[in-house]
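# Chains, contacts and geometry: an overview
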Amino acid sequence: MSTENHQIVSQAEWLEARKQLLAREKQFTHERDQLSAARRALPWVRVTERYEFERARGKATLADLFDGKRQLIVYHFMFAPDWQAGCKSCSFWADNFNGIVEHLAHRDVRLIAVSRAPLAKLTAYARRLGWTFEWASSHGSTFNHDLGVSFTPDELASGTISYNYETRKAGGPELPGISVFYRDGDAIYHTYSCYARGLDMMNTAYHYLDLVPRGRDEGEEPMSWLRRRDEYGA
């Protein structure tokens, strides 16, 4: 992009164009508020499976992961048991977590990541990237599969999987997602999950890039530019 192929106008003309865009932005904000209200109004499903996890403090059930809060957000971080490092895209998202965990806690929300890799691998990778948010291992559990983000060898061999509420061509054994749960006494409810571009609004860096003239500038291969935070320039 250069000034040769972009319109250059006076301050007055720019202000008029900006006001026209502002009207569209306000409309989008109102529509987003309505969509958020509809999301919160979705019906819930009670979780009856007793999932078990491992975290730094020891074994935990899904109920334990709430840590006394009523609301739980799980980021399904792509890290298969045999991988040596976590997914670089999930790492991009996880770079947003450290600073917001305490703020969410004061709104009765617990935010954690969950992966199928053994806890030792998660701990080492978190240490490498300086993450302090809680990251639990679901190794040996069907949690990730039941929430639609990991896939069995048989499913992969069939050539198709169910992801983001539709059938699609099978790829690898892991895909990303976010799931939300609510606890009322001993009862736990699954309230929401999102996948694929549904995760987009949770990445602060992308939304800053959307503000600049060249945008995300990813071309035909989205995220091909991306590196883990400590790999740029390597």
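The structure reproduced in this document is the subject of the present report. (Residues numbered from 1 in each chain as written. Predicted model: local features only at pLDDT ≥ 70, side-chain atom pairs only at ≥ 80, totals over all residues. Heavy atoms only, no water.)

## Focus: the overall build of the chain
What counts here: The helix count covers DSSP runs of H or I at least four residues long, the strand count covers runs of E at least two residues long, and both are numbered beginning at the N terminus. Partly exposed residues are those whose accessible area sits between 20% and 50% of the maximum for their type, while under 20% is buried and over 50% is exposed, using a 1.4 Å probe and protein chains only. Contact criterion: two residues are considered in contact whenever any of their non-hydrogen atoms come within 4.5 Å of each other. By the counting scheme adopted, Arg and Lys are positive, Glu and Asp are negative, and His together with the chain ends is not counted. Charge positions come from single atoms, namely NZ of Lys, CZ of Arg, CG of Asp or CD of Glu.
Of the regular secondary structure elements, the chain holds eight helices and ten strands. Expressed as lengths along the three principal axes of its C-alpha atoms, the size of the chain is roughly 65 × 45 × 40 Å. Counting over 234 residues, the chain shows a buried share of 37%. Relative to all contacts within the chain whose residues are 6 or more apart in sequence, the contacts with residues 24 or more apart total 62%. Measuring between centres, the 30 positive side-chain charges of the chain sit 4 Å from its 31 negative side-chain charges.

## Structural notes on the nonpolar core
Selection rule: Here the nonpolar core consists of buried residues drawn from Ala, Val, Leu, Ile, Met, Phe, Trp, Tyr and Cys, with membership extended through side-chain atoms lying within 4.5 Å.
Of all hydrophobic cores here, the largest spans 27 residues; its most connected members are Tyr75, Phe77, Trp131, Phe133 and Trp135. Looking at this core, the elements that each hand over two or more residues are helix 3 (88–94), strand 5 (109–115) and helix 5 (119–129). In this structure, Phe77 is in contact with Gly86, Cys87, Cys90, Ser91, Ala94, Ala113, Val114, Ser115, Tyr125, Trp131, Trp135 and Glu174, ignoring residues within four places of it in sequence. Counting 17 residues, the second largest nonpolar core, distinct from the first, contains Phe66, Leu72, Leu147 and Ile188.

## Re the pairing of strand 10 (residues 187–195)
Stated formally: For two strands to be treated as a pair, DSSP must find no fewer than two bridges joining them.
Sheet analysis places strand 1 (residues 45–46) next to strand 10, joined by two bridges and oriented antiparallel. Considered in strand 10, the bridge of Val45 is made with His190. Both strand 9 (residues 177–184) and strand 10 contribute to a ladder of eight bridges, which runs antiparallel. The partner of Val180 across the bridge, within strand 10, is Tyr192.

## Looking at the environment of Trp44
With respect to the secondary-structure elements, Trp44 resides in the loop between helix 1 (11–40) and strand 1. It is 5.8 Å that separates the C-alpha atoms of Trp44 and His190, two residues lying 146 residues apart in sequence. Ignoring sequence-local partners within four residues, the contact set of Trp44 consists of Tyr182, Tyr189, His190 and Thr191.

## Some points on the environment of Arg227
Put simply, the rule reads: Each polar contact in these results corresponds to two N or O atoms within 3.5 Å; when the atoms are within protein, one needs to be able to donate a hydrogen and the other to accept it, and residues that are neighboring in sequence are counted only if both atoms are side-chain atoms.
Secondary-structure assignment places Arg227 in the segment after helix 8 (204–209). Since its relative accessible area comes to 37%, Arg227 is described here as partly exposed. Not counting the four nearest positions on each side in its chain, Arg227 is found in contact with Lys88 and Tyr232. Separated by 3.1 Å, the side chain of Arg227 and the backbone oxygen of Ser224 make a polar contact.

## Re the side chain of Ser193
Looking at the secondary structure, you find Ser193 in strand 10. Among the residues examined, Ser193 registers a relative accessible area of 6% and is labelled buried. One polar contact links Ser193 to His190, side chain to side chain, over a distance of 2.7 Å.

## A few points about the pairing of strand 9
Alignment of strand 4 (residues 71–76) against strand 9, held across six bridges, turns out to be antiparallel. In the strand pairing of strand 9, Val74 is matched with Ser179. As consecutive antiparallel partners, strand 9 and strand 10 are separated by two residues, and within that stretch Gly185 has a phi angle of approximately 65°, a positive value.

## Side note on unusual backbone geometry
For Asp108, which is not glycine, the phi torsion reads 65° and is therefore positive. Locating Asp108 in the fold gives a position in the loop between helix 4 (101–105) and strand 5. Using a relative accessible area of 18% as the deciding quantity, one classes Asp108 as buried.

## Some thoughts on the packing of aromatic side chains
Quick note on the threshold: Any pair of Phe, Tyr and Trp rings, taking the six-membered ring for Trp, is counted once the centres come within 6.5 Å. Such a pair is stacked with planes under 30 degrees apart, edge-to-face with planes over 60 apart, and tilted for the rest.
Applying the stated rule across the entire model yields 25 aromatic pairs. Seen in terms of ring centroids, Tyr51 and Phe143 are 5.2 Å apart; in terms of plane orientation they differ by 80°. Their pairing is edge-to-face. Placement of Tyr51 in the loop between strand 1 and strand 2 (52–55) and of Phe143 in helix 6 (residues 143–146) is noted, with a sequence separation of 92 residues between them. Of the two residues, Tyr51 and Phe143, neither departs from the other in class, the shared state being buried.

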